[in-house]
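For reference, the chains in residue letters:
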Amino acid sequence: MNITDGTVTEHKSSSKEADRSDARLTEVAPEVVTKVETEAATEAAPEAAAEIAINAETEAATEAVQEAAAKAATGEIEEEKAAGKKDSGVRPEQKKEPRDEPKQKKEPAGKPKRKKKSAGRLAAEFFIKLGVTALLIWALLTFVVGIYVVHSNTGYPMVKDGDLCIIYRLGEIYNGDEVAYRMDGKIRFARVVAMPGDVVDISEESMTINGYGVFEDTVYPTTGEGALIQFPYTVPEGTFFVLNDYRSDVTDSRTYGAIPKTKVKGKVVFMMRRRGF
C-alpha cells in the first residue's frame with residue numbers, strides 16, 4: 001500500500017509539471033510565431049520591392065513603345081499625305097523664312113557708274129590712241145632725233161656706206177663732232193673743223209685754224225686741191241666749216257663753203273654697222 005501511494009504521489013507530481021509546461025508553451029508560442037513571421041516578412045521585403053520595380057520598368061517601357069509606335073504611325077500618315085499632294089501637283093505649305101536682301105554696294109560719292117562702251121566707241125578710242133602715238137613718234141623724229149642710212153664713203157673710215165646713224169638734233173655742236181647735213185638734196189656726213197669767226201687756211205701740205213696748225217687723227221692728209229673757195233677763209237656767223245674724213249673727196253666746205261646751221265640736222269650719237277664688219 002505504501003508503494004502504491006508513493007507511485008500515485010509521483011504520478012500526480014508529474015502531471016502537475018506537465019500542465020505547467022503546457023501552460024508556459026501556450027504563453028510563449030504566440031511570441032515565437034510573431035517573431036518568425038516578422039523575420040520571414042523582413043526576408044521577403046527586398047524580393048517584393050525588386051518585383052515591384054521590374055513591373056514598373058516594364059510598364060514604362062511598354063508605354064514608351066506604344067507612344068513611339070503612335071508617333072511613327074502619325075509620321076507615315078503625314079508623309080503619305082505629302083506624297084499625295086505632290087502627286088496631285090499641290091505643294092505642301094512651307095514656312096517662308098525671312099531672307100536677308102543682298103546689300104547693294106554703295107559707290108563713293110562723285111563716281112558715277114561706268115557704262116559699257118560700244119564697239120564704235122572702242123574703235124574710236126583705239127584710233128585716237130594710235131593717232132596720238134604716231135604724232136608723238138613723228139615729233140620725236142622731227143625735233144629730237146633723226147635716223148639715217150649712209151649712202152656714201154665720205155665719212156670713211158668712221159662712217160661707212162650702209163651704216164645706220166642716229167643723230168641728236170638738240171645738242172650743242174663743237175669742233176670734232178661728226179654731223180649730218182643736207183646739201184644738193186642729199187644727207188651727207190662730215191666733221192666740224194672750224195666754228196663761226198674762225199679763219200681757215202688750207203695749203204698743199206697742211207691746214208691751219210687762226211694761224212695754228214691742227215693735229216688731226218685722220219688716215220688721209222688734208223689738201224686744198226680741187227677746192228672751189230679761196231683760202232684763207234673766214235667762217236661766217238651761223239655756219240660751220242666741215243671736212244670729210246675721207247679727205248680726198250672734196251665735196252664738203254671746200255666746195256660748198258661753210259654749212260649754215262639750218263642745213264645741219266644734228267650730230268651723230270649712235271651708229272650701227274650693217275655691213276663690212
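Quick summary incoming for the structure in this document. Fair warning: this is a prediction, and the values are worked out from it, not measured in the lab. (Residues numbered from 1 in each chain as written. Predicted model: local features only at pLDDT ≥ 70, side-chain atom pairs only at ≥ 80, totals over all residues. Heavy atoms only, no water.)

1. Some points on the overall build of the chain
Our working rule: Helix and strand assignments follow DSSP, with helices taken as H or I runs no shorter than four residues and strands as E runs no shorter than two, numbered in order from the N terminus. Exposure is judged per residue with a 1.4 Å probe applied to protein chains only, and the accessible area is read against the type maximum: over 50% gives exposed, under 20% gives buried, and values in between give partly exposed. Whether two residues are in contact is decided by their heavy atoms, any of which lying within 4.5 Å being enough. Per-residue accessibility takes into account occlusion by the displayed protein chains alone, with areas from the Shrake-Rupley method and a 1.4 Å probe.
In terms of regular secondary structure, the chain is built from three helices and eleven strands. In the chain, the succession of helices and strands from N to C terminus is α-α-β-β-β-β-β-β-β-β-β-α-β-β. Burial status across the chain gives 19% buried among its 277 residues. Excluding contacts between residues fewer than 6 apart, the proportion of contacts in the chain whose partners are at least 24 apart in sequence is 57%. Counting every atom, the chain has about 21,500 Å² of accessible surface; 57% of that belongs to carbon and sulfur.

2. A closer look at the pairing of strand β5 (residues 199–202)
One face of the sheet, then the other: side chains in a regular strand alternate in exactly this way. Operational definition: Pairing between strands is defined by DSSP: at least two bridges between the two strands are required.
A one-sided burial pattern is seen for β5, the buried positions being V200 and I202 and the unburied ones V199 and D201. Looking at chain direction, β5 and strand β8 (residues 233–234) are connected through two bridges and run antiparallel. Bridging from a neighbouring strand, V200 pairs with Y233 of β8. In terms of strand pairing, β5 meets strand β6 (residues 207–209) through three bridges, oriented antiparallel. By the bridge assignment for β6, I202 is matched with M207.

3. Notes on unusual backbone geometry
Residue P157 is reached from Y156 by a cis peptide bond, and omega for that bond is 10°. Looking at the element boundaries, P157 is found in the loop between β1 (145–149) and β2 (164–168). A cis geometry characterises the amide bond from F231 onward to P232, with omega recorded as 0°. Structurally, the position occupied by P232 is in the loop between β7 (212–213) and β8. At D184, a position not held by glycine, the phi torsion is positive, near 55°. One can find D184 in the loop between β3 (178–183) and β4 (186–194). Unlike most non-glycine residues, N210 shows phi in positive territory, near 55°. Structurally, the position occupied by N210 is in the loop between β6 and β7. Judged by its relative accessible area of 38%, N210 is partly exposed.

4. Here we look at the environment of V150
By the secondary structure assignment, V150 is in the loop between β1 and β2. Relative accessible area serves as the criterion here: at 2%, V150 is assigned to the buried category. Once the C-alpha coordinates of V150 and A180 are considered, the two residues, 30 residues apart in sequence, prove to be 9.8 Å apart. Leaving out residues up to four positions away in the same chain, V150 has contacts with V159, K160, D161, G162, D163, C165 and F189.

5. Here we look at the packing of aromatic side chains
Rules: Two aromatic rings from Phe, Tyr or Trp, using only the six-membered ring of Trp, form a pair when their centres are within 6.5 Å; if the ring planes differ by under 30 degrees the pair is stacked, by over 60 it is edge-to-face, and anything between is tilted.
Counted according to the given criterion, the structure contains four aromatic pairs. Both rings, one in F126 and one in F127, keep their centres 5.4 Å apart while their planes meet at 70°; by these two values the pair is edge-to-face. The exposure class assigned to F127 is exposed, which follows from its relative accessible area of 55%. Geometrically, the ring pair formed by W138 and F143 is edge-to-face, given 5.7 Å between the ring centres and 90° between the ring planes.

6. With respect to a nonpolar patch on the surface
Going by this rule: Patch definition: residues above 30% relative accessible area lacking any salt bridge, with like charges linked at up to 9 Å and the nonpolar side chains Val, Leu, Ile, Met, Phe, Trp and Tyr linked at up to 5 Å. Each salt bridge in this description consists of a side-chain nitrogen of Lys or Arg and a carboxyl oxygen of Asp or Glu lying within 4 Å of one another.
Taken together, the side chains of Y168, L170, V269, F270 and M272 define a hydrophobic patch exposed on the protein surface, amounting to about 480 Å² of accessible area. A total of three residues in the nonpolar patch trace back to one element, the largest contributor, which is strand β11 (residues 264–272). In this fold, Y168 is placed in strand β2.

7. A word on the environment of L243
Looking at the secondary structure, you find L243 in strand β9 (residues 239–243). For the pair L243 and G155, spaced 88 residues apart in sequence, the C-alpha to C-alpha distance is 9.0 Å.

8. Overview of the sheet that holds β6
Spatially, four strands are ordered β7-β6-β5-β8 in an open sheet, and the strand pairing comes out antiparallel. Looking at which strands have only one partner, the edges of the open sheet turn out to be β7 and β8.

9. Concerning the nonpolar core
Under the convention used in this document: As used in this record, nonpolar core signifies buried Ala, Val, Leu, Ile, Met, Phe, Trp, Tyr and Cys residues forming a set joined through side-chain atoms within 4.5 Å.
Counting residues in hydrophobic clusters, the biggest one holds twelve residues: V193, A194, V200, I202, M207, I209, I229, Y233, V235, F241, L243 and A258. Mapped onto this core, the elements with two or more residues apiece are β4, β5, β6 and β9. Residues in contact with I229, not counting those within four places in the same chain, are F241, S253, R254, T255 and G257. By size, the runner-up hydrophobic cluster in this structure holds ten residues, among which are I173, M183, V192 and I259.

In short, the description is geometric, and any link to function would need to be established separately.
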